[in-house]
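This is what each chain is made of:
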Amino acid sequence: MKLLIVEDEASIAEVVIAYAKREGYETVYASDGLEALEIFRNDDIDLVVLDLMLPKLNGEEVCRRIREHSSVPVIMLTAKSSEADVVSGLDTGANDYVSKPFSPRVLMARIRAQLRPRESRDSIASGLCADGRIEIDPERVELRKDGVPVPVTKSEFLIFSTLASRPIRTWSREEIIRTALGDDYDGFDRTIDTYIKNLRKKLAEPGHENGWIKTVYGFGYRLDDEK
Ligand code: CA
């Protein structure tokens, strides 16, 4: 998981980056609003920690522009804390709001909460994927192939819908665990291989022996979708 930290005060940015790394996140850093957008466009960012008062382009505008193209979670970080400012921050499309001075541990908890899958979250894919053959139904926690329910466990469902949420992206085992199964998962990375094996067994057919799940050797898995 890669976080974009946007903050013009170096001392605050350093603390956030240090805590994020300890949590196992990759980090990229921008010190103004334009740099933030430039990085966001060119990198594969999973979550943005965004200061409100920034040089060149303020956080609200950065958030608004990110929202034109992406539903990535954005956590606003700001000295402003009046109710009106919170409302206006959330109106621009921020997912959460942390007021300065803040506890880095609280910020990390908010980050984890945003990256954790919830059935109502849009990071859980819904609708058709796999060349339109497989339907993901988050309401019922069900996969249907050609309209016929495929008996999958909740973990298998969450793993498949995580892959489908960003079809061109390759996911490492650790990312799949963190995104699909959450922090309280205590198995090993390689346990993912067993889940994938089971999913393939349930979804496979001639011509799609891999059940639309492609192995990317030395890295992880991605959804094998033509579209
Ligand atoms: Ca600032």
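Remember, predicted model here, so these are calculated numbers, not experimental data.

1. Thoughts on the pattern of salt bridges
Right, on to step 1. Considering all chains together, one arrives at 23 salt bridges under this definition.
Right, on to step 2. Across the pair R169 and D46 runs a salt bridge, and its minimum N-O distance is 2.8 Å. One end of the pair, R169, is in the loop between α6 (154–165) and β10 (171–172); the other, D46, is in the loop between α2 (33–42) and β3 (47–51), with 123 residues separating them in the sequence. For the residue pair R169 and D46, the accessibility class agrees, reading buried in each case.

2. Some thoughts on the nonpolar core
Right, on to step 1. Ranked by size, the top nonpolar core spans 46 residues in total, and within it L107, I111, I159, F160 and I192 carry the most contacts.
Right, on to step 2. No other element matches α6, which puts six residues into this core.
Right, on to step 3. With near-sequence residues (within four places) excluded, L107 lies in contact with V16, V49, I75, L77, V98 and F102.
Right, on to step 4. Counting 21 residues, the second largest nonpolar core, distinct from the first, contains A36, L37, F40 and L52.

3. Digging into the sheet that holds strand β7 (residues 134–137)
Backbone hydrogen bonds hold the strands of a sheet together, and the pairing may be parallel or antiparallel.
Right, on to step 1. On the basis of which strands lie adjacent, the open sheet formed by four strands has the order β6-β7-β8-β9 and antiparallel pairing. Unpaired on one side and paired on the other, β6 (127–129) and β9 (148–150) mark the two borders of the sheet. Taking each pair of neighbouring strands and ignoring which way they run, the sheet shows an average axis angle of 35 degrees.
Right, on to step 2. Here four bridges tie β7 to strand β8 (residues 142–145), and the two strands are oriented antiparallel to one another. Counterpart to I136 in the pairing with β8 is L143.
Right, on to step 3. Contacting β6, β7 and β8, α6 runs over the sheet at an angle of about 110 degrees to β7.

Definitions and limits used
- Residues numbered from 1 in each chain as written.
- Predicted model: local features only at pLDDT ≥ 70, side-chain atom pairs only at ≥ 80, totals over all residues.
- Heavy atoms only, no water.
- Salt bridge = Lys/Arg side-chain N within 4 Å of Asp/Glu carboxyl O.
- Helix = DSSP H or I, 4+ residues; strand = E, 2+ residues; numbered from the N terminus.
- Buried < 20%, exposed > 50% of the residue type's maximum accessible area, 1.4 Å probe, protein only.
- Core = buried A, V, L, I, M, F, W, Y, C linked by side-chain atoms within 4.5 Å.
- Contact = heavy atoms within 4.5 Å.
- Pairing = 2+ DSSP bridges.
- Axes fitted to C-alpha atoms, helices over the stretch in contact; angles between N-to-C directions.

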